[in-house]
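Letter by letter, the chains look like this.
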Amino acid sequence: MKIVSFKICPFVQRVTALLEAKDIDYEVEFISLSDKPQWFLDISPNGQVPVLITDDGTALFESDAIVEYLEEAFPPLQPGISLEQKATNRAWSTLASKNYLVQCGAQRSPDAIVLEERSDKLAKAFDAVEMQLGDSPYFNSDDIGMVDIAWLVLLHRADIIERRSGYDFLGGRPKLKAWQKQLLQSDIAKRSVASDFEDAFAAFYLSDATFLGRGGDVSEKHVRDERKAGACC
């Protein structure tokens, strides 16, 4: 089994994290999205990663379809749950994946105002899941499940941003913070990415082209001052 990947793609990590959680052997082939090889375009109708090439040579695209295949083709992470719980888990997983690009945009914000606006969009999802989390170590269980895998992607990246820039996307959400800590302690996040993932991630999202990469002031006062300056020009 092989995953065709772009190194810092969140949708790829959702798939590789599930493969790691299920202890499935796989290979990874990285491509450049700015220079996609023809063989990749031949098997990826949307021209996007991830693509999973199964052991029999079938190419699967779209991360939602891939994770559904992996959950059904191999022993489930949470066997014996009801159809209602499966549907609920799928919905919460979808909420996470819908916010991958929202988080990407926030991380690439060029200034304080844009960061605030984009962070507010992401905050709605974080607020929703904060209210849903209970006392169990994972989303709704003592064992890791499909929802945990989907949200791990967002929480892993939020951890890197906080450690490297000081900006906390999860601030004021203690249950979400505890969940993040639990997921990162599982080591799945680290195993689901390339050895140089964090450096590649930081080079793109914390470069001089981004507000956080430049060490921008994210205090409320600074944002207010930026808004006033913009209104005067």
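It should be noted that the structure appears before, not after, this text.
Residues numbered from 1 in each chain as written. Predicted model: local features only at pLDDT ≥ 70, side-chain atom pairs only at ≥ 80, totals over all residues. Heavy atoms only, no water.

**Student:** Any details on the overall build of the chain? Residues and values, ideally.
**Tutor:** When its secondary structure is counted, the chain shows 11 helices and four strands. Taking 17 Å as the expected radius of gyration for a compact globule of 233 residues, we find that the chain reaches 19 Å, a close match to that expectation. Counting only C-alpha atoms, the chain reaches 60 × 45 × 25 Å along its principal axes. Here the chain holds 233 residues, and the buried ones make up 44% of them. Contacts in the chain between residues at least 24 apart in sequence constitute 70% of all its contacts with a sequence separation of at least 6. Of the roughly 11800 Å² that the chain leaves accessible, carbon and sulfur atoms contribute 51%. (Helix = DSSP H or I, 4+ residues; strand = E, 2+ residues; numbered from the N terminus. Rg over C-alpha atoms; globule rule 2.2 N^0.38 Å. Buried < 20%, exposed > 50% of the residue type's maximum accessible area, 1.4 Å probe, protein only. Contact = heavy atoms within 4.5 Å. Areas by Shrake-Rupley, 256 points an atom, 1.4 Å probe, with all protein chains shown as cover.)

**Student:** Provide a residue-level description of the packing of helix α1 (residues 10–21) against helix α7 (residues 146–165), including the pertinent values.
**Tutor:** Across the interface, α1 lies against α7 with an axial gap of 9 Å and an inter-helix angle of 130 degrees. When the axes of α1 and α7 are compared, the pair comes out oblique. The crossing of α1 and α7 is right-handed. Here Pro10, Gln13, Arg14, Ala17, Leu18 and Ala21 of α1 lie close against α7, whose contacting residues are Met146, Ile149, Ala150, Leu152, Val153, His156 and Arg157. Of the residues belonging to the contact of α1 with α7, the class tally is nine nonpolar, two polar and two charged. (Axes fitted to C-alpha atoms, helices over the stretch in contact; angles between N-to-C directions. Parallel < 35°, antiparallel > 145°, perpendicular 65-115°, else oblique. Left-handed = near helix turned anticlockwise from the far one by under 90°. Nonpolar A, V, L, I, M, F, W, Y, C, P; charged D, E, K, R; others polar.)

**Student:** Can you tell me about the pairing of strand β2 (residues 27–30), naming the residues and giving the values?
**Tutor:** The pairing of strand β1 (residues 2–5) with β2 spans four bridges and is classified as parallel. By the bridge assignment for β2, valine 4 is matched with glutamate 29. (Pairing = 2+ DSSP bridges.)

**Student:** Report on the packing of aromatic side chains, specifying residues and quantitative values.
**Tutor:** Scanning the model with the defined rule gives 10 aromatic pairs in all. Ring geometry for phenylalanine 11 against tyrosine 100: centres 5.0 Å apart, planes inclined by 65 degrees, an arrangement best described as edge-to-face. Of this pair, phenylalanine 11 sits in helix α1 while tyrosine 100 sits in helix α5 (residues 100–107), placing them 89 residues apart in sequence. The class of tyrosine 100 is buried, set by a relative accessible area of 0%. Pairing phenylalanine 126 with tryptophan 151 gives two aromatic rings, centres 6.3 Å apart and planes at 45 degrees, and the pair type is tilted. With phenylalanine 126 in helix α6 (residues 112–132) and tryptophan 151 in helix α7, this pair connects stretches of sequence that are 25 residues apart. Residue phenylalanine 126 shares its accessibility class with tryptophan 151, and that shared class is buried. Sitting over the face of the ring of phenylalanine 204, arginine 108 holds its NZ or CZ atom 4.1 Å from the ring centroid. (Phe/Tyr/Trp six-rings, centres within 6.5 Å; stacked < 30°, edge-to-face > 60°. Lys NZ or Arg CZ within 6 Å of the ring centre and 35° of its normal.)

By themselves, these observations are geometric and do not establish any function.
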